[in-house]
There are 2 protein chains.
Amino acid sequence: MARREFIFSTLKSIFRKYGYAPIETPAMERLSTLTGKYGEEGDRLIFRVLNNGDFLKDANKAGFDYAAERASQKLIPLVSEKAMRYDLTVPFARLVVTHQHELVFPFRRYQVQPVWRGDSPQAGRYREFYQCDCDVIGSNSLLLDAELAAIYDEAFAALGFPGVSLLLNNRKVLSGMAEVAGDAAWVTNICMAIDKLDKIGEEKVRAELAQRGVPESGITQVFDILAFQGSNAEKLAFLKEKFASSEIGRKGVAEMEEMLGIVDQFGLTCAEPIFDLSLARGLDYYTGTIYEVKAKGIQFGSIGGGGRYDNLTGIFGLPNMSGVGISFGADRIYDVMEKLNLFSDLSQTGTRVLITNLGGESFTASLQLLTRLRKVGVATELFPDQDKLGKQFRYADRKGIAFAVVIGETELAEGKLNLKNMKTGEQQMLTADQLIEFLNA
Amino acid sequence: MARREFIFSTLKSIFRKYGYAPIETPAMERLSTLTGKYGEEGDRLIFRVLNNGDFLKDANKAGFDYAAERASQKLIPLVSEKAMRYDLTVPFARLVVTHQHELVFPFRRYQVQPVWRGDSPQAGRYREFYQCDCDVIGSNSLLLDAELAAIYDEAFAALGFPGVSLLLNNRKVLSGMAEVAGDAAWVTNICMAIDKLDKIGEEKVRAELAQRGVPESGITQVFDILAFQGSNAEKLAFLKEKFASSEIGRKGVAEMEEMLGIVDQFGLTCAEPIFDLSLARGLDYYTGTIYEVKAKGIQFGSIGGGGRYDNLTGIFGLPNMSGVGISFGADRIYDVMEKLNLFSDLSQTGTRVLITNLGGESFTASLQLLTRLRKVGVATELFPDQDKLGKQFRYADRKGIAFAVVIGETELAEGKLNLKNMKTGEQQMLTADQLIEFLNA
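Residues numbered from 1 in each chain as written. Chains lettered and ligands numbered in written order. Predicted model: local features only at pLDDT ≥ 70, side-chain atom pairs only at ≥ 80, totals over all residues. Heavy atoms only, no water.

Our focus in this paragraph is the side chain of Ser139 of chain A. Mapped onto the elements, Ser139 of chain A comes out in the loop between strand E6 (127-137) and helix H8 (142-158). Polar side-chain contacts of Ser139 of chain A include one of 2.9 Å to the side chain of Asp385 of chain B. Not counting residues up to four positions away in its chain, the partners in contact with Ser139 of chain A are Pro106, Leu144, Arg308 and Ser322 of chain A together with Pro384 and Asp385 of chain B. (Helix = DSSP H or I, 4+ residues; strand = E, 2+ residues; numbered from the N terminus. Polar contact = N/O pair within 3.5 Å; in protein donor to acceptor, adjacent residues only side chain to side chain. Contact = heavy atoms within 4.5 Å.)

Now the structure itself:
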């Protein structure tokens, strides 16, 4: 928990520095807001909340029949008006539409909240996890796309990552690829297929494309493009030529060039921007820039991703709002940080000092020391009961408290305290002032 | 949102300094964990979550009949195994019991999470709000009770409160009062009645006590005690005499004396500890210290409260775990801070500087300035589009951004920038270094 709090508070302070404001949406949305947005499989995984009170009585005759027929799916809308947040994107789009007249556009927001998905339809299992999104909506300026790249850079640097690959592409480049292959409309099929390149390999992707109706010549074109190796600048030059006959392709290349130019001026230090022609991220609603982040030095898959979408709020009746957003995969970031041992450098977040409780005069001196240490910001506890010292040390040990203080008769007489390093067992006699100096060192 | 985040992050950092560790529990608990814990009214307000999948098919024959009979309450346990968190206390007790063999006792935790209660049984209304609790369980040391008083003190001081009244009492003192009135078992009735003293006045409380079977002589005893005016020390002395015949009363007085003595040594600066003989907080599960906090200088009711409980985990099969905890009423604290104008002193949390976008060469200089300002921690935005200056200023105005920067031709030529104070309209020419100095001032 303390570690996750560290990740989130690091990210939040960066979001704010870039002008993004925190928002939260309620855990429950109207069921109708959520259904139909996540595909058939997604719909099944949404948690529905029963209407309070006598929900069956309030259901109409049809509901009664559905119940008698055991037609669960038909009964749901009659006894359940609310459902639990399934992601942060749909509630955000709903919020933008609801508050469109109060919000100032371009509207920058970040949101860190749990979402809920029913893992398995049969059992009583349930799953809750955090999403962490940062989006700006209401402008198609590529400065915003570039800034999100800078946020990724600063975020992973602040979390202590030695380096990340920031894979970038543009949906219009993929459309150009499809057009060069024969038909711009094939872009969805091409995206879905090359998305699996890592998993199933070139041969199977070729087979899938053929099966989806892309002719052999088109498939060859696609893999010619994907096979191109070179720097970002070389890729831009290569594609300009390739897309001589594709207007949308050239538009995509121009967008990439402009964005990469701004990213360059930001001067990233941790994230290496890589124009990755095979990056597609399957999602059909991206219309411009596409992002994906992978940690360097470890095989772990994506720890972040996002993209530009031109019509996120269209489903709620507000068309033509272009936006761009990124996600941080908090659970995966946590796992990578653990594997790369990045948490060990963190300042300890739990209690640092346990003052033992010997009662009597020692207790009074201990109370004074406790107050002083907390005043200078050191997380300190005084053991609440006058138990055996061994038990008190064991408590410190089990809680991972680094130091224990004993104020016995000798120490009282000398106006000092005994400091024990719980890891090494080393002990030293110090005054309170020396202890504070020692702890700050 | 930004203000609420300020409140929570202030509280959390204090909790940690006192050795309390953050925990979170899932939003959904087993329905059976929650039902029966909040009284009949509470049970009705718990949100139930429908089982995923074909919930009616999985319900047994009885469920089918209940549906046909429209017997909602009987059907619920058959189609809903999960319910949403109603408070933080019950899930905490459940967690302590579940993890009793891994936890280190005394176990100190804080928890800041939303809870859900159905406001009205008929409509589709719903309500979500945050609770903020800090508890320690597994020791009956009064040091812990005193420390929580110190946490209240430090928390309200850090939030900028000029002063709060920290009302303190002890359930055993109330039991003593009941015993002196005639029967220790009357304590629940006496608590429930004197809890209303503020609202309905002495006369009606006397009537209620009489109706609940307390004889006239007993009622006189109760009000004799409540009428006593004096310092905390004078109240202790007065009660020692009054409780000559009540062992539990004397125990309560001794506990109060010990706790107040430790509180005294902590040296509170913002919270004034007041031994309030009429403080009862209705809740039957408190067994020792009782807390309530009220802001000074404003009539607002309670902004925090808590107490010691000897048997919180008993309902889940783990008896004899004494604990003590306090709550912060986040919504009410927010309201009081707004009314007392305590937020105005906060450092601004949103964007401080908007750099306007004039395109071309100016854009490049703007990008450099943007990067520099963010590097030194100033929340800055560069307007994403090259719109009319008036529109860009309007954006800054509507977002409450304090300063706007213009880098026009003159400024470019001189290597300077024009800084506009959005409130006063005042403008000045500065170098980037001067701007940074100005913003840090």
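Glancing now at the packing of helix H9 (residues 171-181) of chain A against helix H14 (residues 247-266) of chain A. Residues and elements named next belong to chain A. For the pair H9 and H14, interaxial distance at closest approach is 7 Å and the crossing angle is 150°. Comparing their axes, H14 and H9 come out roughly antiparallel. In terms of crossing hand, the pair formed by H9 and H14 is left-handed. Contacts between H9 and H14 involve Lys172, Val173, Ser175, Gly176 and Glu179 on the former and, on the latter, Glu247, Ile248, Gly249, Lys251, Gly252, Val253, Glu255 and Met256. For the contact of H9 with H14, the class distribution of residues is four nonpolar, four polar and five charged. (Axes fitted to C-alpha atoms, helices over the stretch in contact; angles between N-to-C directions. Parallel < 35°, antiparallel > 145°, perpendicular 65-115°, else oblique. Left-handed = near helix turned anticlockwise from the far one by under 90°. Nonpolar A, V, L, I, M, F, W, Y, C, P; charged D, E, K, R; others polar.)

Here we take up the interface of chain A and chain B. Contact residues are listed per partner, giving 92 residues for chain A and 93 residues for chain B. Interface area, chain A with chain B, both sides summed: about 7500 Å², of which 57% is carbon and sulfur. Counting across the interface, chain A meets chain B through ten salt bridges. One salt bridge in this structure joins Lys12 of chain B and Glu5 of chain A, with 3.5 Å as the shortest N-O distance. (Buried area = accessible area lost by both parts, 1.4 Å probe. Salt bridge = Lys/Arg side-chain N within 4 Å of Asp/Glu carboxyl O.)

All names here are of chain A. Among the seven residues that make up strand E7 (residues 164-170), seven are buried, leaving the element largely enclosed by the rest of the structure. Looking at chain direction, E7 and strand E8 (residues 271-275) are connected through five bridges and run parallel. The residue of E8 that forms the bridge with Leu168 is Phe275. Bridging between E7 and strand E9 (residues 289-295) involves seven bridges; their strand directions are antiparallel. Bridging across to E9, Val164 finds its partner in Ala295. (Buried < 20%, exposed > 50% of the residue type's maximum accessible area, 1.4 Å probe, protein only. Pairing = 2+ DSSP bridges.)

All names here are of chain B. The sheet built from five strands is open, its strands ordered E13-E12-E14-E15-E16 with mixed pairing. Across the chains shown, the open sheet's two edge strands, defined by having one partner strand only, are strand E13 (380-382) and strand E16 (427-430). For this sheet the average axis-to-axis angle between neighbouring strands, irrespective of direction, equals 25°. Direction of pairing for strand E14 (residues 403-406) relative to strand E15 (residues 417-421): antiparallel, over a ladder of four bridges. Counted as the bridge partner of Val406 is Asn418 from E15. The sheet contacts of helix H16 (residues 360-375) involve strand E12 (353-355), E13, E14 and E15, and relative to E13 the element is tilted by about 165°.

Another point: helix H14 (residues 247-266) of chain B. Residues and elements named next belong to chain B. Over its 20 residues, H14 extends 29 Å from the first C-alpha to the last, a length consistent with the 28 Å expected when each residue adds 1.5 Å. Buried within H14 are the following residues: Gly249, Gly252, Val253, Glu255, Met256, Met259, Leu260, Ile262, Val263 and Phe266. Just downstream of H14 lies Gly267, where phi reads positive at about 70°. (Expected span 1.5 Å × (residues − 1).)

Residue and element names in this part refer to chain A. The eight strands are arranged E1-E5-E6-E11-E10-E9-E7-E8 in an open sheet whose pairing can be described as mixed. The outermost strands of the open sheet, each flanked by one partner alone, are strand E1 (21-22) and E8. Its contacts with the sheet place helix H15 (residues 330-339) against E6, E9, strand E10 (302-309) and strand E11 (323-328), and it is angled at close to 145° to E10.

Superposing chain A onto chain B takes a rotation of 180° plus a shift of 0.0 Å along the axis, which leaves an RMSD of 0.1 Å. Here the symmetry operator amounts to a two-fold rotation axis. Taking the C-alpha atom as reference, chain A places Val49 of chain A closest to the rotation axis, 2.2 Å from it. Counting the interface residues of chain A, we find that 100% of their copies in chain B are interface residues as well, pointing to one common contact surface. (Least-squares fit on C-alpha atoms with pLDDT ≥ 70 in both.)

Residue and element names in this part refer to chain B. Among all positions of helix H12 (residues 216-226), only Gly218, Ile219, Val222, Phe223, Ile225 and Leu226 are buried. Down the axis of H12, the smallest arc covering the buried residues is 155°, so these residues share one side. In H12, the exposed residues that point more than 90 degrees away from the buried face are Glu216 and Ser217. (Arc of directions from axis to C-beta.)

Turning our attention to unusual backbone geometry. Cis geometry is adopted by the peptide bond preceding Pro106 of chain A, which originates at Phe105 of chain A and carries an omega value of -5°. Position of Pro106 of chain A among the secondary structure elements: in the loop between helix H7 (89-98) and strand E5 (107-117). Phi is positive for Asn341 of chain B, close to 60°, though the residue is something other than glycine. As for its placement among the helices and strands, Asn341 of chain B is situated in the loop between helix H15 (330-339) and E12. Judged by its relative accessible area of 53%, Asn341 of chain B is exposed.

Evaluated as defined, the whole model comprises 52 salt bridges over all chains. With a shortest N-O distance of 2.8 Å, Glu272 of chain A and Lys296 of chain A are connected by a salt bridge. Here Glu272 of chain A, found in strand E8, pairs with Lys296 of chain A, found in the loop between E9 and E10; they are 24 residues apart in sequence, far enough to count as distant. A relative accessible area of 37% means that Glu272 of chain A is categorised as partly exposed. By relative accessible area, Lys296 of chain A is classed as partly exposed at 33%. One salt bridge in this structure joins Glu208 of chain B and Arg212 of chain B, with 3.2 Å as the shortest N-O distance. Look at Arg212 of chain B and you get partly exposed, because its relative accessible area is 29%. Each of Arg108 and Glu147 of chain A together with Arg374, Glu381 and Lys399 of chain B takes part in one network of salt bridges that share partners.

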